[in-house]
Amino acid sequence: MRVVVDPITRIEGHLRIEAEIDNNVITDAYSSCTMWRGIERIVQGRDPRDVWAFTQRICGVCTTVHAFASIRAVEDALGIDIPPLAQALRNLIIAVQYIHDHVMHFYHLHALDWVNVPNALKANPERASEIARSLSNWPNSSPGYFKDLLTRLKNFVSKGRLGIFANAYWDHPAYKLPPEIDLIAVAHYLEALEWQRHIVRIHTFLGGKNPHPNFLVGGVPVSVNLDGPAVINAKVLSEIKHHIDQAVEFVREVYVPDLLAIASFYKDWAKYGDGGGNFLVYGEFPEGQLYDLDRLFFPRGAILNHDLGKVYEVDTKDPEQVQEVVAHAWFRYSVGDDKGLHPYEGETEPNYTGPEPPYEYLNTDGKYSWLKAPRWRGHPMEVGPLARMVVAYALGHRAVRDKVGFALKKLDVPVEALFSTLGRTAARCLETWVIAEDYLPDLYDRIITLINSGNTGTFNGEKWDPKTWPKEAKGMGFMEAPRGSLGHWVRIKDGKIENYQVIAPTTWNAGPRDAKGQPGPYETSLIGTPIHDPKQPLEILRTIHSFDPCLACAAH
Amino acid sequence: MKRITEFITAHPYDLPVRISHWVMAFSISVLMITGYLIGNPPFSQPGDASDIFLMGTIRYLHFVAAYFLTAAFLLRLYWGFVGSRESRWSEMLRWDGRFWKHALDEILALVWPVRPWRLYFGHFPIAKIAYVFVYLAVAFSILSGFVIYASAQYSPLWRFVAEWGLKPFGDNLNWVRYLHHWLLWFFAVFVVIHVYLVVYMAVRMMTSEVEAMLGGYKIIRREDLAEGEEVESVA
Amino acid sequence: MSAIDVLEKLEEREIEELNRREFFKFCGRMAVLLGLSQTAIPRIARAVEKAARDGRPSVIWLNFQDCAGNTESFTRATAPSVGEALLDHVSLDYHEVLMAAAGHRAEERLKEVLKEYSGQIIVVVEGAIPTKDDGIYCTVAGRTAIQILKEIEPHALAFVAVGTCAAFGGIPKANPNPTGAVGLERIIRSKPVINVPGCPANPDVIMAVLVHYVLFNRLPELDAQRRPKFAFGKKIHDTCERRPHYDAGQFVLSFDDYGAKQGYCLYKVGCKGPVTYNVCAAWRWNMDASWPVKSGHPCLGCSERDFWDRYYPFYEHIPKTGGFGVEARADDIGKVALGLTGLTVGAHALYTAVVKSAERFAEKLASKAEEGTGESEGKDEGGEA
Ligand code: HEM
Ligand code: HEM
Ligand code: NFV
Ligand code: SF4
Ligand code: SF4
Ligand code: F3S
Ligand SMILES: [Mg+2]
């Protein structure tokens, strides 16, 4: 039988899953994105310096990353180096984006797959307090705190208006947490909602607002003047420090302990959700200029078929490596839909062939998604926190090895457990932990050191004027977005965008089949998953959410 | 045997037309200069912003000139319905067959200066066309200018102007600003041609157009008068 | 219940004391915005508390051609915060990004809500609506955005278009508008539409629009573009902290230059504050942290209709115009046109002078010849008809 989940909720964007279920096990699955705007077309003919603002609007959740990929692509094309302080401030924005995005994903998008809100009402506040205190030193853990929360929840529920919590699969037997842990998680759901407003202020100081802070080709728009009233001065720097401390503390005392506690009840989910075992990472946090590839904090590389013994080199500009296929996507290629195109030669020509709405099922034998299918050397690849942790682990990254090792030991599972729904959700948390403890504080110190040593330049304007540009240029901006490897490929001609192609992390993960019929990672990850009740496909949500889908990114 | 030269005294431009012309000429000059500076502000020396008001002063002048321009324009608009025949819109817009013949005449005389140059009681034919566009441009600059101006005023009346004045521009204030800005160059080009032709005529034909615009009267040799110009308007 | 009672009641609740304070700050701001005196604060607080006690209005939030930026923005609201709002002020009965239910269960929920609260629902819409090719560029559960909206329209009390996409079409509508995207006001005809533009809309404005309804049981007053007057009555430029530098003529000429370090005005690097209505300068972003211009970047005019095409380019005060060889600014073209005009009239003057003196010379020759023949008749310029 075919089960359709549309809308997949608690994600960004419009995702539809159609799954074939036989004997309560998924035998085949199709992932479809049902919205497209055409931003690759919209930026054509525009000024390359402006384009970051357009591409940024691809997504308001990972709201910084398309702007970064865009300015990096343009800087690569035009040969612009940026000052060290600008690079460090950019890295600060990226690090904060990771922490913000991952925490919000865990609590607000993913948690309700594991945490049962009505069940929390049965909790004993004293017991909850005891458990919370055993898990971490987070101060909001008194019995009174949980008691108040319980009252507030009961109050809320008693009116019979459950709002966003209404009508979920709350009676599903796959919910396994004791009520006290459910209550703690609900508390942290609300606290995280509160907390996130604070730490994004770092983006606001540096970019003027969040969502959609401002960026600049050649550097960052803010200036540093310790004696100035209007720009980055000691007051702003100390506020930034304050929020960094808040971020680190929340990750260490709330997110990591919660993840480990919840995961320990769901270890069976280490068996399901393997996305195929191919992982791709472009790399992130440049210490020098972007293309100093061996000076990236998260290393670049690819892994095939779960083999941690071999990490392949990745070249995003090699026409043979990264390609997109539209055999099952609602697009048309001038060279034929069965061919792959490297993004420098990429085409975006919509060609809807699906059923006329309203429809019940897609024709999954034909084209069925607004996502192209990206391939690396012909392989579907999983990208994202799991890919980053796996590649860094395989390359012996110290901090990653420590933290991944700690978690595996704590949960008492082998390394192979990573290739799963549970592993993916855990990897996201561990990555956040690595950034919060092993990267962010050092980065802040580096920023202060740079300023102290008089390195206060934030903008390189040598190539600002289009007259300094070559007649034709092309460049590639890569980045590790929270959801995985993101690339923007740009061609510039006569000072204008000639062609622009984006492959977002979720394009990699959620993409449809290719010309050879190879399914994408979402599709692969669902196959073999048992479904307790096809009317309540909670299992599908768990695995799909573990990828942290963002369909606005994917389709753009 | 020498021909007797007959002179005609014409009184084409009433006082309101003359006043409005010179107020417009002056205010548009100020608006062009200040408008250019608003769009391309000169960088001033560092210093405490509270001590300097350069941009503010330029804008102030722009707005004062804008009010003068508006007043002059309204006066001219009105006078076009009640004034002397030569100052009426009906005359300005009388683009009939004879008019086009005169226009062709004028063009040929400019292209081939040996050709005789004809005179008129009122405006020259090509100039009439130009003036219609100038007045349209003036109207447009006033309209767009006041929409921009209103957008920074917060009394209910001005808010009304700002909100509804924006409608014809697709609710897009920046678009209004661009159009307002581009108008500057229309005026600049017009003024150069206009002043040149006025001076050209004065030199080539020793006409008294400028005096006419200043004092109201011009003296025309009957034989220079264009064919078909009606004599009854002679003062 | 007196104001003191309310205050005491509130103080009893030890949860998030800070938020309470923020809450009162918010009520104060609401009072100012809505033109009420400070004595109205307890009344506002009471109304909010009342809404928390009995029926919260039903809000459903629909996402179409969007980026979820307004949803994210909504979660950054200050007072009330989104957590408080969801628990105490409104009943968010449908929101794909946040709701627990999925798939058929989500659809089912939507139908229930439409039935149960028909006529009282505030429908928030985020994202543009594609109209080209029968709207197949955005579907949810097999139905197009237009089909969904048409089904909901009869049940709505009012629509709130959050963000420039929903209000005016926003980025999907930017040239060449590949999907025929439009703003909500082009689809909804029978119910009021409140536009809350911004890319994204300012969180406190979104919240204030909802809270306005909770407080006063009516919609805020709108301007000619259907924007709430309390938020879109002033331009960025007229509330900007860099404004004294504008009036002084002190400008940033290039990023990170001397002027940038002093916080000079960003007009010359393309600031669209003079032509943009929004609250950024007055309310700022993310709990007063900053706002675009304060952080050194020109305002893009992101709350204005068609700003992607008509507030463009972002770093120029006046657009460059293609087709003139090297890109030229309107002013460069104007100067060239002016120069050419000058040259033309100069050339014409010279030309006339030459032709005229040649004519005079010829006349002289002719009159000499005439003298020779003894014939004499006064010849006048233009003597032949
Ligand atoms: C011949 C007539 C005029 C010319 C050539 C002219 C020219 C200009 C120019 C070039 C600008 C700068 C625009 C920019 O780049 O931002 C400007 C600004 C402006 N003009 Fe005019 N203008 C004229 C008449 C008017 C009138 C009649 C008004 C009526 C009030 C007006 C009001 C304004 C305003 C409000 C601004 C914006 C100034 C600011 O707020 O900084 N202008 N004008
Ligand atoms: C900003 C500068 C100027 C503008 C916008 C302007 C505009 C105009 C307009 C609209 C008219 C038509 C009058 C009517 O019937 O309403 C006109 C006529 C005239 N202007 Fe100007 N003017 C300018 C400067 C000057 C100057 C500097 C002179 C003298 C040197 C001048 C001399 C004349 C004369 C002689 C006429 C009558 C010409 C005819 O009959 O065609 N103008 N001008
Ligand atoms: N997929 C995706 Fe994004 C991310 N992270 C980015 O490129 O979410 Ni909106
Ligand atoms: S208005 Fe801006 S933030 Fe809102 S959905 Fe559109 S692109 Fe995203
Ligand atoms: S920075 Fe922008 S909004 Fe502020 S004064 Fe200058 S032009 Fe106006
Ligand atoms: S860009 Fe937008 S966020 Fe505010 S300062 Fe300008 S309106
Ligand atoms: Mg793409």
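The preceding data block contains the structure.
All of the points below concern the structure found in this document. (Residues numbered from 1 in each chain as written. Chains lettered and ligands numbered in written order. Predicted model: local features only at pLDDT ≥ 70, side-chain atom pairs only at ≥ 80, totals over all residues. Heavy atoms only, no water.)

## Section: the overall build of chain B
What counts, and what does not: Going along the chain from the N terminus, every DSSP run of H or I of four or more residues is numbered as a helix, and every run of E of two or more is numbered as a strand. Accessibility here uses a 1.4 Å probe with only protein chains present; expressed as a share of the type maximum, an area under 20% marks a residue as buried, one over 50% as exposed, and anything in between as partly exposed. Here, two residues are considered to be in contact whenever any of their heavy atoms come within 4.5 Å of each other. Note on areas: Shrake-Rupley with a 1.4 Å probe; residue coverage comes only from the protein chains shown. Charged residues are defined narrowly, with Lys and Arg counted positive, Asp and Glu counted negative, and His plus the chain ends left uncounted. Throughout, a charge is located at the NZ atom of Lys, the CZ atom of Arg, the CG atom of Asp or the CD atom of Glu.
Within chain B one finds eight helices and two strands. Counting from the amino terminus, helix and strand elements in chain B follow one another as β-α-α-α-α-α-α-α-α-β. Principal-axis analysis of the C-alpha atoms places the extent of chain B at approximately 80 × 40 × 30 Å. Across the 235 residues that make up chain B, the buried fraction comes to 49%. For chain B, the share of sequence-separated contacts (at least 6 apart) that also reach a separation of at least 24 residues comes to 75%. Of the accessible surface of chain B, which amounts to about 11,700 Å², a share of 74% is contributed by carbon and sulfur atoms. Charged side chains in chain B number 20 positive and 19 negative. The centres of these two groups are separated by 3 Å.

## Describing the side chain of N177(C)
Here N177(C) lies in the loop between α9 (170-173) and β8 (181-182). The class of N177(C) is buried, set by a relative accessible area of 18%.

## As for the interface of chain B and chain C
Here is the rule: Buried area counts how much accessible surface, traced with a 1.4 Å probe, disappears from two parts once they are put together, with both parts' losses summed. In the sections that follow, a salt bridge refers to a side-chain nitrogen of Lys or Arg positioned within 4 Å of a carboxyl oxygen of Asp or Glu. Here a polar contact is recorded for every N or O atom pair within 3.5 Å, except that within protein the pair must consist of a potential hydrogen donor and a potential acceptor, and residues adjacent in sequence are included only if both atoms are side-chain atoms. When residues are grouped by polarity, Ala, Val, Leu, Ile, Met, Phe, Trp, Tyr, Cys and Pro land in nonpolar, Asp, Glu, Lys and Arg in charged, and all others, Gly among them, in polar.
With 56 residues of chain B in contact, the opposing surface of chain C contributes 57 residues. In total, about 4,900 Å² of surface goes out of reach between chain B and chain C, with carbon and sulfur atoms giving 57% of it. Where chain B packs against chain C, one counts one salt bridge. The shortest N-O distance in the salt bridge between D171(B) and R305(C) comes to 3.4 Å. Taken together, the links from chain B to chain C amount to 31 residue pairs in polar contact (both at pLDDT 80 or more). Mapped by element, the contributors of at least two residues to the side of chain B that touches chain C are α1 (15-39), α2 (54-82), α4 (97-111), α6 (156-165) and α7 (173-205) of chain B. Element by element, the count of residues in the side of chain B that touches chain C is highest for α7(B), at 15 residues. Counted by class, the side of chain B that touches chain C contains 35 nonpolar, 11 polar and 10 charged residues.

## With respect to the arrangement of the chains
Across the two pairs of chains that are in contact, the largest number of contacts falls between chains A and C. Note that chain A does not reach chain B: the shortest distance linking a C-alpha of one to a C-alpha of the other is 13 Å.

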